[in-house]
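Residues per chain, in single letters:
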Amino acid sequence: MKLISVNTSQPESIVINGDAVLTGINKVSQNERIWLNKINLVGDGQADLTVHGGELQAVYSYPIEHYAHWQTFLGKESLPYGTFGENFTVSGLLETDVYVGDIFKVGSAIIQATMPRIPCFKLANKLNNTAIIKDFLWSGYSGFYHKVIEEGEVGAGDEIVLLEHDEQSISIRAALGLYKLNEGNKADLSHALTIKSLAPLFVTAFNERLAKLDTDE
């Protein structure tokens, strides 16, 4: 498991459908080592803090293994690191293998996987392809956010080491399925709600879905 690229950007104003929109999605690969603090990488910023950033979304990782799929989808020969707005382009870490609550060491920092990323219109605008939003969601190739447990310095080429894994948790892909893809049943939702590191957003969503399933019976 390896950190392939560290990508940062500062929020900038762009025009989408005639409206000025602030976005931090246009990440650029950085050559130097960068300090990762509790809420983001130094030199990086998130535009809409209601859906990005904060303690549970301090840094976003995306697997390099998915790039080939999107190159074909978009008809591109190659895509630069950071294409999907990720801070960390990683290898060897897939949504089906990374579990909610997994703790990793990267560089001198320690991070914890928290939740999948849900795509928004800014990704579609960046890639000039409105169809990618639905495909991105249903592909399961969401990438995942991290909480920073211990601040530290990170850089391209750093090994990513798994420190803690809770076998009773669920994968990032499973969390995405329960949250947005209408997958799973009452038992799956009830089990997910026992995960201590489950983000409050998901606790609320899973409880609401569980209540609806009870009502529908």
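Data block above holds the structure.
Residues numbered from 1 in each chain as written. Predicted model: local features only at pLDDT ≥ 70, side-chain atom pairs only at ≥ 80, totals over all residues. Heavy atoms only, no water.

Before going further, it helps to spend a moment on the sheet that holds strand β8 (residues 103-106). Taken together, the eight strands give an open sheet; going across it, the order is β4-β1-β7-β6-β10-β9-β8-β12, and neighbouring strands pair in mixed fashion. Because the sheet does not close on itself, it has two edges, and the strands there are β4 (28-30) and β12 (160-164). Recorded for the sheet is a direction-independent mean angle of 40° between the axes of neighbouring strands. In the sheet, strand β6 (residues 59-63) pairs with strand β10 (residues 144-150) via three bridges, with the strands oriented antiparallel. What sits directly across from V59, in β10, is H146. Against the sheet, helix α4 (residues 172-180) makes contact with β9 (109-116) and β10, and its axis sits at roughly 30° relative to β9, the strand it touches most. (Pairing = 2+ DSSP bridges. Helix = DSSP H or I, 4+ residues; strand = E, 2+ residues; numbered from the N terminus. Axes fitted to C-alpha atoms, helices over the stretch in contact; angles between N-to-C directions. Contact = heavy atoms within 4.5 Å.)

A few words now on the nonpolar core. Judged by nonpolar contacts, the single largest core of 49 residues is most densely connected at L3, L36, F84, F88, V154 and F206. Beyond its immediate sequence surroundings of up to four residues, F206 is in contact with A175, L178, Y179, L189, A192, L193 and L198. (Core = buried A, V, L, I, M, F, W, Y, C linked by side-chain atoms within 4.5 Å. Buried < 20%, exposed > 50% of the residue type's maximum accessible area, 1.4 Å probe, protein only.)

Let us look at the side chain of S169. Here S169 lies in the loop between β12 and α4. Classification of S169 as buried rests on a relative accessible area of 5%. For S169, the residues in contact, after removing those within four places along its chain, are Y99, V100, H191 and I195.

With that out of the way, let us pick up unusual backbone geometry. Unusually for a residue other than glycine, N128 sits at a positive phi of about 55°. Residue classification places N128 among the exposed positions, given a relative accessible area of 71%. In this model, N182 sits at a positive phi of 60°, which is unusual for a non-glycine residue. Following the sequence through the fold, N182 ends up in the loop between α4 and α5 (186-192). N182 gets classed as exposed once you look at its relative accessible area, which sits at 63%.

What follows is about the packing of helix α1 (residues 67-74) against helix α3 (residues 132-139). Here α1 crosses α3 at 150°, and the two axes come no closer than 12 Å. The angle between α1 and α3 falls in the class roughly antiparallel. Between α1 and α3 lies a crossing of right-handed hand. Touching H69, W70, F73 and L74 of α1 are I132, D135, F136 and S139, all from α3. Residue composition of the contact of α1 with α3, by class: five nonpolar, two polar and one charged. (Parallel < 35°, antiparallel > 145°, perpendicular 65-115°, else oblique. Left-handed = near helix turned anticlockwise from the far one by under 90°. Nonpolar A, V, L, I, M, F, W, Y, C, P; charged D, E, K, R; others polar.)

Buried within α1 are the following residues: Y67, W70 and L74. One face of α1 carries all of its buried residues, which in axial projection span an arc of 65°. On its buried face, α1 is in contact with β6, β7 (88-91), α2 (121-127) and α3. (Arc of directions from axis to C-beta.)

Glancing now at the packing of aromatic side chains. Summed over the entire model, instances satisfying the criterion amount to 13 aromatic pairs. Both rings, one in Y62 and one in F136, keep their centres 5.8 Å apart while their planes meet at 20°; by these two values the pair is stacked. Linking Y62 in strand β6 with F136 in helix α3, this pair joins segments that are 74 residues apart in sequence. The pair Y62 / F136 is uniform in exposure class, with both members buried. Among the aromatic residues, those joined into a ring-pair cluster are Y60, Y62, Y67, W70, F73, F84, F136, Y141 and Y145. Between the NZ or CZ atom of K180 and the centre of the ring of Y179, over which it lies, the distance is 5.3 Å. (Phe/Tyr/Trp six-rings, centres within 6.5 Å; stacked < 30°, edge-to-face > 60°. Lys NZ or Arg CZ within 6 Å of the ring centre and 35° of its normal.)

The set of residues buried in α4 consists of I172, A175, L176, G177 and L178. In the segment just after α4, N182 is the residue with positive phi, at about 60°.

Spatial relationships are all this shows, so hold off on functional conclusions.
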